Every structure is written in C-alpha cells, then in structure tokens.
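# Observations on the model geometry
Now for the letters of each chain:
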Amino acid sequence: GASDLPLHLSELGSVTGAVQATAQLAVFLQNTDSDLHVGSIVSATNNVTLMSDGAILDGSVDGKTIDLTSAEGSIGTSSHPLTILSLQNGSVSLKNALASTGVFLRETSGTLYVHSIETATNDVVVTVLDGLTAGFDLISVTRLVGTFNWCASSAALRSSASSSSARCSPGW
C-alpha cells in the first residue's frame, strides 16, 4: 500500500493468523474488520504504518519510522507488548502511537525515539531493554498523553515532555 492508499486487509477476505509483511520501501496496512494480529512486519529502509479498527497485537515491527493507530483497542497488551525492532536502521522513530485502551511497547534492539503517544484510557508502558553495547536508549521527543510507565532498564532515558516520569519494575 501507500500512505494515501494503504493495503486494506479486509478486502483480501478473511484474514486468520498473524500478518507478515516485508518491503524494501514502506509498508502501509489497514485492518477494518477486527484486531490486527502482527507476525513480523519489516520495512528495510522506510516507514511502517499500521491502522486497525481493533487492537494491534502480537509480533514485531521494524522500520525507520513507525506509525501505529488502534481506533477501538490497544497497541500490545500489558502481558504481551508489541515488539519494536531497530535491526534495519540501528534506531527507530515512533512517529505516532494512538490507541483507545492503552499502549504497550517493548524495544529490544536499539534506540527508540518517541514523538507522540496518546491513549484515552489505561496505561502506556514503553520498555527499552538493555543491550550488550551502548546505544539502547529511550528518547521522548514531543507529545505524551496518558499515564506513563517508562522502563529503560539500565539504558539512558531522556525526555523533553514535562509529563513523563521514569519508573521501572521487575518483570518489564
């Protein structure tokens, strides 16, 4: 798909199981029937945009810039956060994460730049795991709306948003 014409998964018929997508350039997917179950979605050099009327759940997303919108659900869950990877570029920019019932993300491979996260209800939990080398950082840039739990492990946490705070609990 393209930014002005995403691939509508509902038009492909009944989608069961996890969605897999790999592209050299951008990935634009929209699901209008139910929750979007992610397997592995990768853009080698560009953006990944996922839009769902329901929740965005399960697997991993890797791209230069990631934009996630769940109109009537969550992005990830507290027990199974959506995994953000930066294997293709060394860091990833989370342009937007918008969900009605919570945002739960885990970055496992590099630096995560957060531009905007917004949820109408529930928590936002963003975790960046500590790596063997330097460069596993959580950097908040612009807009944060919700109740936040940041966990940067022993990695660096930097925020320019006045409403964010750093809290980390075992098991995140």
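One structure accompanies this document, and this report is about it. Quick caveat: nothing in here was measured; it's all calculated off a predicted structure.

Summing up its helical and strand segments, the protein has 0 helices and 13 strands in all. A buried classification covers 48% of the 172 residues belonging to the protein. Sequence separation of 24 or more characterises 31% of the internal contacts of the protein that already satisfy a separation of 6 or more. Summed over its atoms, the accessible surface of the protein is roughly 7,800 Å², and 51% of this surface lies on carbon and sulfur atoms.

To continue, consider the side chain of Ser 60. Looking at where Ser 60 falls in the secondary structure, it is placed in strand β6 (residues 56–62). On the accessibility criterion, Ser 60 (16% relative accessible area) is buried. If we skip the residues at most four places from it in the chain, Ser 60 touches Val 38, Gly 39, Ser 40, Ile 41, Thr 83 and Leu 85.

The next point concerns the nonpolar core. Counting residues in hydrophobic clusters, the biggest one holds 29 residues, and the most contacted among them are Leu 50, Leu 68 and Ile 75. Residue contacts for Ile 75: discarding those within four places in its chain leaves Ile 56, Leu 68, Ser 70, Leu 82, Ala 97, Leu 98, Ala 99, Gly 102, Val 103, Phe 104 and Leu 105.

For Gln 88, the position within the fold is in the loop between β8 (82–85) and β9 (91–99). Under the relative-accessibility criterion, Gln 88 is labelled partly exposed at 37%. Between the alpha carbons of Gln 88 and Asp 62 there is a distance of 6.9 Å; along the sequence they are 26 residues apart.

To continue, consider unusual backbone geometry. With a phi angle near 85°, Asp 58 is a residue other than glycine that sits in the positive phi range. Along the polypeptide, Asp 58 turns up in strand β6.

Scoring rules and cut-offs
Residues numbered from 1 in each chain as written. Predicted model: local features only at pLDDT ≥ 70, side-chain atom pairs only at ≥ 80, totals over all residues. Heavy atoms only, no water. Helix = DSSP H or I, 4+ residues; strand = E, 2+ residues; numbered from the N terminus. Buried < 20%, exposed > 50% of the residue type's maximum accessible area, 1.4 Å probe, protein only. Contact = heavy atoms within 4.5 Å. Areas by Shrake-Rupley, 256 points an atom, 1.4 Å probe, with all protein chains shown as cover. Core = buried A, V, L, I, M, F, W, Y, C linked by side-chain atoms within 4.5 Å.

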